[in-house]
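Structure assessment
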Amino acid sequence: MTSRGDEGTRGTAVSGRGDRRRRRGTAGGRPARREQGQPDEATGSLAVLRSALSLIGVLGPPLTVATALLVYFGWARSDVQAQELGLEESVLGMSTRDYVLRSIDTLFVPLLIVGCMGIGWLLAHERISAAIDHGRHLDGWRKGFRLLRFAWLAVPAAGCVAGLVWPAWIELIVPLCLTVGILATAYASVMLRRITRLYDAGDEGQLPSWHWALMKLLIGSLVALSLFWELSEFAGVVGRGLAHQIVADLNERTGVVVYSKQDIQIGGPGVNKYRISEPTSACGFRYDGLRLLQRTGNKYYLLPVGWRTVADGVIALPDDGSVRFEFSNSGTGQNSEGG
């Protein structure tokens, strides 16, 4: 004989299995969400976006990371450019402000492209979130995100193949592909976690909380390192290009004439020295045939107009009043009487 208590227990077990099946969803219907802690669509999308952005900013506030990237890019660009001209970057005495200003003008277009891509990703994310919230093609999204989690391997591998096809660009392609792959993996993990929270029954198969925290730390670290790697390679390309442009357009750069009381032994290809014979003149020597490279650290860095190789040297003069400078457009107006 079966007691009423046994029947009640069996009924409860059957009911529990049915509830779990309903929460997972049926083949032809819309999956049911969790009843407890069910977020609305706007709150859920905001949580996903916050989780995705936290993967990038895990090493620090976004403004701090952006400033560090700008300073590093400015330094790397200046270092490569100085080496092409036969200088050590440290002798230029550039400040953090100088590095940031030299980064902004070069990174303006890349940052604009990244911003447009970010807007495109946000628009796509809205549609994906809406489809998941309404349970449309849920199995397809699961499979797609599970495959996308391998992007941290697949995308860099594709970048290496592309680098073999275009070897001149490999130094830029590989770190960029690594960054994109890591971010795609992070986004796929966030979305899979969201689907699990919304539609999977109970906490079955859930990973411990430390797993997600460690994943955020690793992804944030790898993204930061790959970004610095990309900026380093890009800064090298830009620095070498600017150095070559300086040499090619040397005649068009700002002309400089230097006046000094004593002979300060300025020389180089195309540099002329004149002794000023006028007794009323406060300066005894005049030097022309110079072009302005830059002014940093309270010093003027000049190039001889005939500069072609690092052996021709770079001239550094202090801006402390011991010598006088005259500047002209494209080196005009530098002829003067000499004795």
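Residues numbered from 1 in each chain as written. Predicted model: local features only at pLDDT ≥ 70, side-chain atom pairs only at ≥ 80, totals over all residues. Heavy atoms only, no water.

Quick word on helix H5 (residues 138-148)
Put simply, the test is: Remark: exposure states derive from per-residue accessible area (1.4 Å probe, protein chains only) relative to the maximum for the residue type, with buried under 20%, exposed over 50%, and partly exposed in between. Each helix is a run of DSSP H or I of at least 4 residues and each strand a run of E of at least 2, with the numbering of both proceeding from the N terminus. The arc under discussion is defined with respect to the helix axis, by the directions toward the C-beta atoms. We call two residues in contact when some of their heavy atoms are within 4.5 Å.
Among all positions of H5, only Leu138, Arg142 and Phe145 are buried. Take H5 and look down its axis: the buried residues cluster within an arc of 75 degrees, on one side only. Across H5 from its buried face, at more than 90 degrees, point the exposed residues Asp139, Lys143 and Leu147. Those residues of H5 that are buried are in contact with helix H4 (96-133) and helix H7 (170-199).

Some details on the UniProt feature "transmembrane region" (unreviewed entry) in the protein chain
Definition in use: UniProt positions are given in the numbering used here, feature names are shortened, and annotations may be inferred rather than shown by experiment.
The feature "transmembrane region" (unreviewed entry), as annotated in UniProt, sits at residues 52-75, 107-124, 145-166 and 172-192 in this numbering. Secondary structure over residues 172-192 splits into 100% helix and 0% strand, and the C-alpha atoms at its two ends are 31 Å apart.

So, the environment of Leu222
Examined against the element boundaries, Leu222 turns out to sit in helix H8 (residues 209-248). As a C-alpha pair, Leu222 and Leu178 span 44 residues in sequence and 8.9 Å in three-dimensional space.

Considerations on the packing of H4 against H5
In plain terms, the rule: The axes are straight lines fitted to the C-alpha atoms, using for helices just the contacting stretch, and the angles between their N-to-C directions are given from 0 to 180°. Here the word oblique covers every angle except those under 35 degrees (roughly parallel), over 145 (roughly antiparallel) and from 65 to 115 (roughly perpendicular). Left-handed describes a crossing whose near helix is turned anticlockwise from the far helix through less than a right angle; right-handed describes the clockwise counterpart. Under the grouping applied here, Gly and all other residues not named as nonpolar or charged are polar, the nonpolar ones being Ala, Val, Leu, Ile, Met, Phe, Trp, Tyr, Cys and Pro and the charged ones Asp, Glu, Lys and Arg.
For the pair H4 and H5, interaxial distance at closest approach is 9 Å and the crossing angle is 130 degrees. By the angle class used here, H4 and H5 are oblique. Crossing angle aside, the handedness with which H4 passes H5 is left-handed. Side by side, H4 and H5 meet where Ile128, Ala131 and Ile132 of the first sit next to Leu138, Trp141 and Phe145 of the second. Within the contact of H4 with H5, the residues separate by chemical class into 6 nonpolar, no polar and no charged.

Description of the packing of H4 against H8
The N-to-C vectors of H4 and H8 enclose an angle of 125 degrees; their axes lie 12 Å apart at closest approach. Between H4 and H8, the interaxial angle falls into the category oblique. In this structure, H4 crosses over H8, and the sense of that crossing is right-handed. Residues Thr106, Leu107 and Pro110 of H4 form the contact with H8, whose own contacting residues are Leu231, Phe234 and Val238. Across the contact of H4 with H8, the residue classes break down as 5 nonpolar, 1 polar and no charged.

Describing the confidence of the model for the protein chain
Selection rule: What pLDDT conveys is the predictor's confidence in a given residue, as a value from 0 to 100.
When pLDDT is averaged along the protein chain, the result is 81, and 77% of the positions lie at 70 or above. Note on residues 7-30: pLDDT under 50 across the span, and 16 contacts to partners over four residues away in sequence or across chains. Segment residues 34-39: pLDDT under 50, and 9 contacts once partners within four positions in sequence are set aside and those in other chains are kept.

Some details on unusual backbone geometry
Despite not being glycine, His137 shows a phi value in the positive range, around 55 degrees. Among the secondary structure elements, His137 is positioned in the loop between H4 and H5.

So, the state of the cysteines
Defined simply, a disulfide is a covalent bond joining two cysteines at their sulfur atoms. To keep things clear, this is the line we draw: Count a disulfide wherever a pair of cysteine sulfur atoms falls within 2.5 Å.
Tallying each qualifying case throughout the model produces 0 disulfides. This cysteine, Cys177, is not joined by any disulfide, and Cys160 carries the nearest cysteine sulfur, 8.0 Å off.

Considerations on the side chain of Ser103
For Ser103, the position within the fold is in helix H4. Looking at Ser103, the relative accessible area reads 0%, which means it is buried. Ignoring anything within four residues of it in the chain, the contact list for Ser103 reads Leu70, Phe73 and Gly74.

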